[in-house]
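Residue strings, one per chain:
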Amino acid sequence: GAGVSQTPSNKVTEKGKYVELRCDPISGHTALYWYRQSLGQGPEFLIYFQGTGAADDSGLPNDRFFAVRPEGSVSTLKIQRTERGDSAVYLCASSPGGSSYNEQFFGPGTRLTVL
Amino acid sequence: AQSVSQHNHHVILSEAASLELGCNYSYGGTVNLFWYVQYPGQHLQLLLKYFSGDPLVKGIKGFEAEFIKSKFSFNLRKPSVQWSDTAEYFCAVNENSGNTPLVFGKGTRLSVIA
């Protein structure tokens with residue numbers, strides 16, 4: 001079946017602009033996660049949704065970052081007033097939910113470059 | 001807070017050599033443990049996972065890992081590497097409590113040369 005998809009695969013923007021990154025999880029997965037991976041680092045957690053609600057947003061670096069999942073499926077990560085330090089690969093993952101023993105399935109990521 | 005340490009930043013091996021990548025975590029509670037692999041140009045894929053039971057877990061492509069609770073370790077092993085194992089390997093942990101986020105190590109880059 002289809003895996004997690006993310007669009008766009010690459011996004012180049014200028015400092016100060018607004019960007020939206022989209023994630024389509026595996027159908028039926030109730031849990032959705034956003035991570036950010038900088039060069040030479042492992043993925044770092046940003047926010048986690050269970051259904052439509054954000055269960056944990058403790059990883060969002062500041063209030064320029066926001067994410068929604070209005071219908072419990074597709075999610076959008078929104079970054080306002082982008083800064084050069086926001087450049088990274090943004091990863092989305094989903095899992096079935098409902099258990100403590102679930103693996104997370106990752107998408108290919110969106111590479112964001114802020115000039 | 002949880003943290004994960006991967007001891008080797010870059011490992012270079014010849015084909016058929018044995019592999020062991022170290023991973024230690026810090027967390028006082030019950031955890032799930034994972035190794036993910038990222039081949040060049042591809043997305044993160046699960047190699048193997050430990051939730052409970054037998055501490056020696058076997059994954060895909062001949063990889064295995066052993067959970068040693070007393071050492072807070074989950075080292076990855078493979079008896080004989082192939083050129084196609086060239087990739088970045090990430091150890092990750094999450095709380096065994098609901099669908100909690102993963103905490104990743106910084107990764108180990110493995111280069112296998114012929």
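This section reports on the structure supplied with the text. Please read these numbers as outputs of a predicted model, since none were measured by experiment.

**What to know about the interface of chain A and chain B**
- Counting residues at the interface gives 25 residues for chain A and 21 residues for chain B.
- There are one salt bridge connecting chain A and chain B.
- Where chain A packs against chain B, one counts four residue pairs in polar contact (both at pLDDT 80 or more).
- Going through the elements one at a time, β4 (31–37), β5 (44–50) and β9 (88–95) of chain A are the ones with two or more residues in the side of chain A that touches chain B.
- Looking at the side of chain A that touches chain B, its residues break down into ten nonpolar, 13 polar and two charged.

**A few points about the pairing of β9 of chain A**
Residue and element names in this part refer to chain A.
- By the criterion of burial, β9 is predominantly enclosed, with eight of the eight residues buried.
- Burial of β9 is two-sided: the residues Ala88, Tyr90, Cys92 and Ser94 facing one way and the residues Val89, Leu91, Ala93 and Ser95 facing the other way are all buried.
- The pairing of β9 with strand β11 (residues 110–114) spans three bridges and is classified as antiparallel. By the bridge assignment for β11, Tyr90 is matched with Thr110.
- Examined bridge by bridge, β9 and strand β10 (residues 105–106) share two bridges and lie antiparallel to one another.

Rules used in this analysis
- Residues numbered from 1 in each chain as written.
- Chains lettered and ligands numbered in written order.
- Predicted model: local features only at pLDDT ≥ 70, side-chain atom pairs only at ≥ 80, totals over all residues.
- Heavy atoms only, no water.
- Contact = heavy atoms within 4.5 Å.
- Salt bridge = Lys/Arg side-chain N within 4 Å of Asp/Glu carboxyl O.
- Polar contact = N/O pair within 3.5 Å; in protein donor to acceptor, adjacent residues only side chain to side chain.
- Helix = DSSP H or I, 4+ residues; strand = E, 2+ residues; numbered from the N terminus.
- Nonpolar A, V, L, I, M, F, W, Y, C, P; charged D, E, K, R; others polar.
- Buried < 20%, exposed > 50% of the residue type's maximum accessible area, 1.4 Å probe, protein only.
- Pairing = 2+ DSSP bridges.

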